[in-house]
Every structure is written in structure tokens, then in C-alpha cells.
Amino acid sequence: MVPLYYYLIFSALLFSVGLAGALTRRNAILVLIGIELMLNAANLNFIAFWRYSPDPEALTGMMFVIFSIAVAAAEAAVGLALIIAIYRHYRTVDLTKVDSLKG
Amino acid sequence: MSGISYSEILKLVAPEMLVSLAALAVLAIDLLVMREAPQRYRFWTGAAFAGLGCGLAIAWLLAMNPPPHSMSAGLSLLQGTYADDVLVRLVKVALLVMTLFTLAISMESNFTDHIGEYLALILLATVGMMFLVSSENLLMVFISLELTSLSLYILTAFNKRNVESAEAALKYFLFGGMSAAFTLFGLSLVYGLAGSIQFSEIYSKLHAAKIDTLLLAAIVMTVIGFGFKIAAVPFHLWAPDAYQGAPTPSAAFIASGSKVASFFIFAKLMMQAFAGAEGNGAWRHFTPGWLPVVATVAACSMLLGNLAAIVQGNVKRLLAYSAIAHAGYALLGLLSNSQQGMSSLIYYIVTYGLTVLGAFGVVAIVEERTGDASISSFAGLGRRQPLLGLCMMVFMLSLAGIPPLAGFFGKFYLFTAAIGAGKDMGMLWLVIFAIAMSAVSLYYYLQVLKQIYVVPAVEDSRPIVVPVSSRIILSLLALVVVVLGCAPELLLGRLITAIKLASHQ
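Thresholds, definitions, all that
- Residues numbered from 1 in each chain as written.
- Chains lettered and ligands numbered in written order.
- Predicted model: local features only at pLDDT ≥ 70, side-chain atom pairs only at ≥ 80, totals over all residues.
- Heavy atoms only, no water.
- Helix = DSSP H or I, 4+ residues; strand = E, 2+ residues; numbered from the N terminus.
- Rg over C-alpha atoms; globule rule 2.2 N^0.38 Å.
- Buried < 20%, exposed > 50% of the residue type's maximum accessible area, 1.4 Å probe, protein only.
- Contact = heavy atoms within 4.5 Å.
- Areas by Shrake-Rupley, 256 points an atom, 1.4 Å probe, with all protein chains shown as cover.
- Lys, Arg positive; Asp, Glu negative; His and termini not counted.
- Charge placed at Lys NZ, Arg CZ, Asp CG, Glu CD.
- Expected span 1.5 Å × (residues − 1).
- Buried area = accessible area lost by both parts, 1.4 Å probe.
- Salt bridge = Lys/Arg side-chain N within 4 Å of Asp/Glu carboxyl O.
- Polar contact = N/O pair within 3.5 Å; in protein donor to acceptor, adjacent residues only side chain to side chain.
- Axes fitted to C-alpha atoms, helices over the stretch in contact; angles between N-to-C directions.
- Parallel < 35°, antiparallel > 145°, perpendicular 65-115°, else oblique.
- Left-handed = near helix turned anticlockwise from the far one by under 90°.
- Nonpolar A, V, L, I, M, F, W, Y, C, P; charged D, E, K, R; others polar.
- Patch = residues over 30% accessible without salt bridge, like charges linked within 9 Å, V, L, I, M, F, W, Y side chains within 5 Å.

Caption draft 1: The overall build of chain A, seen in detail. When helices and strands are counted, chain A shows three helices and zero strands. The linear arrangement of helices and strands in chain A, starting from the amino end, is α-α-α. On C-alpha atoms alone, chain A measures out to a radius of gyration of 17 Å, which is more than a quarter above the 13 Å that the 2.2 N^0.38 rule sets for 103 residues. Over its C-alpha atoms, taken along the principal directions, chain A stretches across nearly 55 × 25 × 25 Å. Counting every position in chain A, which comprises 103 residues, the buried fraction comes to 41%. Across chain A, the fraction of contacts at a sequence separation of at least 24, relative to all contacts at a separation of at least 6, is 58%. When the accessible surface of chain A is split by element, carbon and sulfur atoms take 70% of a total near 5600 Å².

Listed below in C-alpha cells is the structure:
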């Protein structure tokens, strides 16, 4: 069986990739994708911890993941709606051009 | 769960159900019946139904006997998914009152045609906050946090004609999404370390554990998530933009209700689940744990919030930076890590929420009449509309912490709790810093008052006409701020009893 920490390292990497994407991308949709990657990294953690926990019958981690996938979907829906709202005003989704609020 | 039937569960969650039903009813009535009616009339009907739902929920919370299973201690259902005790009920009542005031402030505004959706989202956000307050389970914390946040993102974007509103919402959303990911990752690590997602079990697993890197990472990531919700530095970047761009009633709601709920659950999580992993935040005696992390966040928030507020020219933006500073003060209550700290934290944040609701109410009216919320548009308000000027004076002085207003007593109690906590007054350095910073804050609050009372109105000095309903609401809020300042035991006495009862569990 693959040891637990392999999964943890992988999820930490996935989280970092997502974070890097979210911080460096200028396109709002790509930032959103980065955030989804970060959420999925956390989901992977839950599954791994659940699988290696002393009593996997409790299904705690599994349940958490199912809920968090649903939440992530809702979040993507709201996010895309907001991106469309931005596009209507600015005709672009480039975040560096969306800068009327400052101070 | 053994020994509890579905009807009893339904009875317990009745307040949340009432508010959700009110949300659906408001949506249905507005879309089915009121579509053709004039805007004002629609807003009044919708807000009346929404208010009715909140009112019934408050009545239920106050009238129903505390948890049936035992007289004093609380009740925790389904592995902490739904906890109920006197303290939780008190905080829920405070949340519902803030929702009522938010509804009242929105009634006169005309930034949207989608009134049903707007009111329904306010109510859904409230449901999220209520569940958040009564959760003792990481899953429930995450879901209700997201329910609240997602509703608030949409409320921020609700002024579709305004570019700033959309931009503010996108920034709020992107920061919020990122912090949600951090929270979830932190919670997953907590689950991995403790093997459970229930607060009490996490405590029993972790309180004896050595603080290693993984636990510290889990704590820091959880703090990041909540730090975002309460707008503490360095996770505050969304706040000024969101407050400025959002429609004023939405901003008021973000600043009041959502703050109260997030602070409460943040304190509960830290004090209950992570008790035993505190570390030490005393000056030059830092040991790893959550206390030094939160102490750093608090100090940064007070410093940056107060200094950045000085240079702001827009009152909504000024209130945002002052909110950051206030988050810093309120964290002192969490840092004292005691029952007294908890009661001072709740008292402070509830009175702050009411004050800031009133301030935003005044800003909403001025913004509507003069076109913007810049500090100069308040010039001569004291003569143009004396009542409004007086209310704003009460709110600003309370935020600055001038006796005999609620803000003063809140700060006083908070600082006392923080000084008394820990060995050898370890938090003294932070309290001294907080007092110094709150002296700084007086400058920018007085700047607003100077515009209102000293600077004459430039172009338009005619009196401002304010509807009777707004006058009543704002005077009521100002009155509450004064009364809670003069007689703090009205709220504080209840809080202390409730916390004592809750801790006997």
C-alpha cells in the first residue's frame, strides 16, 4: 500500500500549483480554476486521511468531500456570474484592467 | 442520535426554518404577485414579510425553553452539527436584530429592480450565519460559512448599473474563494491529526499533543480563513473595495451580521477545539501556538487599519479601514482566552455591529441625496438635517470609544479582560498598543464630524428631506448605542450568565 505521506505531498503540491495559478494569472477565469485546484487538493487530503484512519466505516472524510464538491460547484456558479457582470462593464476579464477602486 | 426524534430536531431548528421560509415567501410574493406594483410598494411588502420571518424567529428563540434535555447545559446534536444553548440563542437574536435593521435601511434605496431576490439573499445569508453560530462541527462550519459568503458576494454585486459594485464583488469573491480553499485545507489537516471533525473530540485528541509543524500549519491555515471573514490584516485587501463598491445596505450587512457570526465561531473554534494548542503570546515569551499567530494579526490590523483610515476621502472606505482596526481590537477578547474574554468579545462586536449599521444608514441617505459618499458631501449636514447629524455624531464617537457610548464600554471591558489574562499580564504590550491606536482613530472620526458641524455646505445648503421611517430607525439605533453604553449590564449580564451556563456542559 502506498504510504499516507505520498498523498499528502501530492496534495500539498496540487495546493501550491493552484495558489501559484490564482496569484499570478491575470485572467479571472484562470484564477477561478486555480482556486478550484486548491479546493481539490484539500479534498484529496480528506480522502487520504479518511482511507488511512482507524475507522473508515465512519465515512466522515468521505462525507466532507461530497459536501465540499457541492460547495465548490456553487462557488464556481457564483464566480462565473460575477465574471460575466465584470465582462458586461469592462468588455474584458483581465484583472489588471479592472481597477477603478483604489486607495 | 439516540433519544431524540425528528419532531424535536425540527423544533430546535425552527428559527432557521422560519427565516428560510420567509426567504422563499418573499421571493414568491415578489415574483408572482407584486411584479407590476410600484417599486416602493414592492420593497415595503417584501421587507414586511422578511421582517415578519425574523421577528417570529426572535420570538421563538426568546420564548422557547432552553434545550429540553437538561435545564442548564446546552445540547449538541448529531456530532455537534447543531448545538444549542443560551449563549448561542443570544447571539442568534443579535444576528436577527441586525438583519431587521439591514432590511429597514434597504427599504428606501432604489439601486435594484430585483427586490425579491435581494431580500431573499439577505435572509439566506442570515440562515447561514445562524447555522454557523450553532455549529460545533468542522463540516457544518465550512458549509454555513460558504452559504453566508456566497450570498454576500451576490449582495455586493447587486447594483448592476454600477461598475464599482461588480468590481467590488469580483475582488471579494476571488479573495473569499482563496481563503475558503485555505480554510478547507486547514480543516482537512485538523481532521487528519485529530481523526474527527467534532470540536470536543478534536480537543480531546489534540490538547495533549505536541505542537508540530503539521498542527501549526493547520492552525495557521484556519486562521487565514477566518481572518479573511473578519477582515484582519493581512487578509483585509477585499474590505475597502467591497465596502466602497457594494450597495450601502449590503455593506452594512457585511460589516455587522457577518462579522458577529464569524467572530463568534472563530472564538469558539479556537477556545474549544484548539484549547491546549495556545502557545504563548506574551512579549518576549513567544511559544508556538495560536495565541502568537492571532496576536500578530491583531497588532497588524490595529496599525494598518487606523493609519490607512486617516487618509481616506470616502466615508465608506474610511468605515472599512476602521472595521479592520476594530477587528484588531476585538481579537484582544479572543487573546485573553477566558470566559471574560469571550463575553467582552461578543459585547464588543455586537455593539460595534449596531453602531456601524447606523453609520452606514446615515451614509446611505447622504449618498442617495448628494450622489456620492465622499467625506466632503457630509459638509453642513448638521444644519441641513440636524437629526441625521446628531445620529452620525453618536455613531462616530461610539466607534472612537468616547464615554458614555457603547463603544467606550466595549473597549474598556475588552482591554480589562486582555490585561487580566495569562500570567504576569503577558498581553499588556498589545493592550498598550491598542490604546495608543485608538487615540489615533479619534482623528479620522472627528474629521467626519468636522465636516458635519463645522464646514459649511458648499453648493447646496437646502435641508435634506429624510423619510420618517429612516429617521425612526436611525434614532432607534443611536438610542441603543447610548443605552448600551450607559447600562451595559443589560446585554453584558445576560452574556456572562449564558457563558457560565454554556461552560458547564
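Now that the structure has been shown, we can carry on.
Caption draft 2: How the structure looks around the overall build of chain B. Tallying secondary structure elements over chain B gives 21 helices and two strands in all. The dimensions of chain B, computed from C-alpha atoms along their principal axes, are 70 × 55 × 40 Å. Restricting to contacts in chain B with at least 6 residues of sequence separation, those with at least 24 account for 80%. Counting only carbon and sulfur atoms, one obtains 69% of the accessible surface of chain B, whose full area is about 17600 Å². One way to put it: in chain B the 27 positive side-chain charges average out to a point 5 Å from where the 24 negative ones average out.

Caption draft 3: Molecular detail of helix 18 (residues 406–420) of chain B. Residues and elements named next belong to chain B. For helix 18, built from 15 residues, the straight-helix expectation of 21 Å at 1.5 Å per residue is met to within 8% by its first-to-last C-alpha distance of 21 Å. Buried residues of helix 18: Ala406, Gly407, Phe409, Gly410, Lys411, Tyr413, Leu414, Phe415, Ala417 and Ala418, and no others. Looking at the buried side of helix 18, the elements it contacts are helix 14 (315–336), helix 15 (339–370), helix 17 (386–400), helix 19 (428–453), helix 20 (468–486) and helix 21 (489–502).

Caption draft 4: A look at the interface of chain A and chain B. Counting residues at the interface gives 43 residues for chain A and 42 residues for chain B. Sorting the residues of chain A by area buried against chain B places Phe64, Leu82 and Leu101 of chain A first, and these three jointly supply 20% of that buried surface. On inspection of chain A and its partner chain B, the count reaches zero salt bridges. Linking chain A with chain B are five residue pairs in polar contact (both at pLDDT 80 or more).

Caption draft 5: Expanded view of the packing of helix 3 (residues 60–90) of chain A against helix 7 (residues 163–194) of chain B. Running from N to C, helix 3 of chain A and helix 7 of chain B point in directions that differ by 165 degrees, and their axes come no closer than 9 Å. As far as their axial angle goes, helix 7 of chain B and helix 3 of chain A are roughly antiparallel. Here helix 3 of chain A and helix 7 of chain B pass one another in a crossing that is left-handed. Residue-level contacts link Thr60, Gly61, Phe64, Ser68, Glu75, Gly79, Leu82, Ile83, Ala85, Ile86, His89 and Tyr90 of chain A of helix 3 of chain A to Val163, Ala166, Glu167, Ala169, Leu170, Phe173, Gly177, Ala180, Leu184, Leu187 and Tyr191 of chain B of helix 7 of chain B. In the contact of helix 3 of chain A with helix 7 of chain B, the residues fall into 15 nonpolar, six polar and two charged.

Caption draft 6: Layout of the environment of Pro456 of chain B. Residues and elements named next belong to chain B. Of note, Pro456 is situated in the loop between helix 19 and helix 20. Judged by relative accessible area, Pro456 falls into the exposed class, the value being 54%. Separated by 325 residues in the primary sequence, Pro456 and Phe131 place their C-alpha atoms 48 Å from one another.

Caption draft 7: Local environment of a nonpolar patch on the surface. Residues and elements named next belong to chain A. Taken together, the side chains of Val2, Tyr5, Tyr6, Tyr7, Ile9 and Leu13 make up a nonpolar region of the molecular surface, amounting to roughly 610 Å² of accessible area. Summarising the element assignment, Val2 is placed in the segment before helix 1 (4–24). A relative accessible area of 39% means that Val2 is categorised as partly exposed.

Caption draft 8: Quick look at the side chain of His326 of chain B. Residue and element names in this part refer to chain B. Assignment of secondary structure puts His326 in helix 14. Accessibility expressed as a relative area gives 4% for His326, which makes it buried. With residues near it in sequence (within four places) discarded, His326 still touches Tyr348, Tyr352, Leu399, Lys411 and Tyr445.

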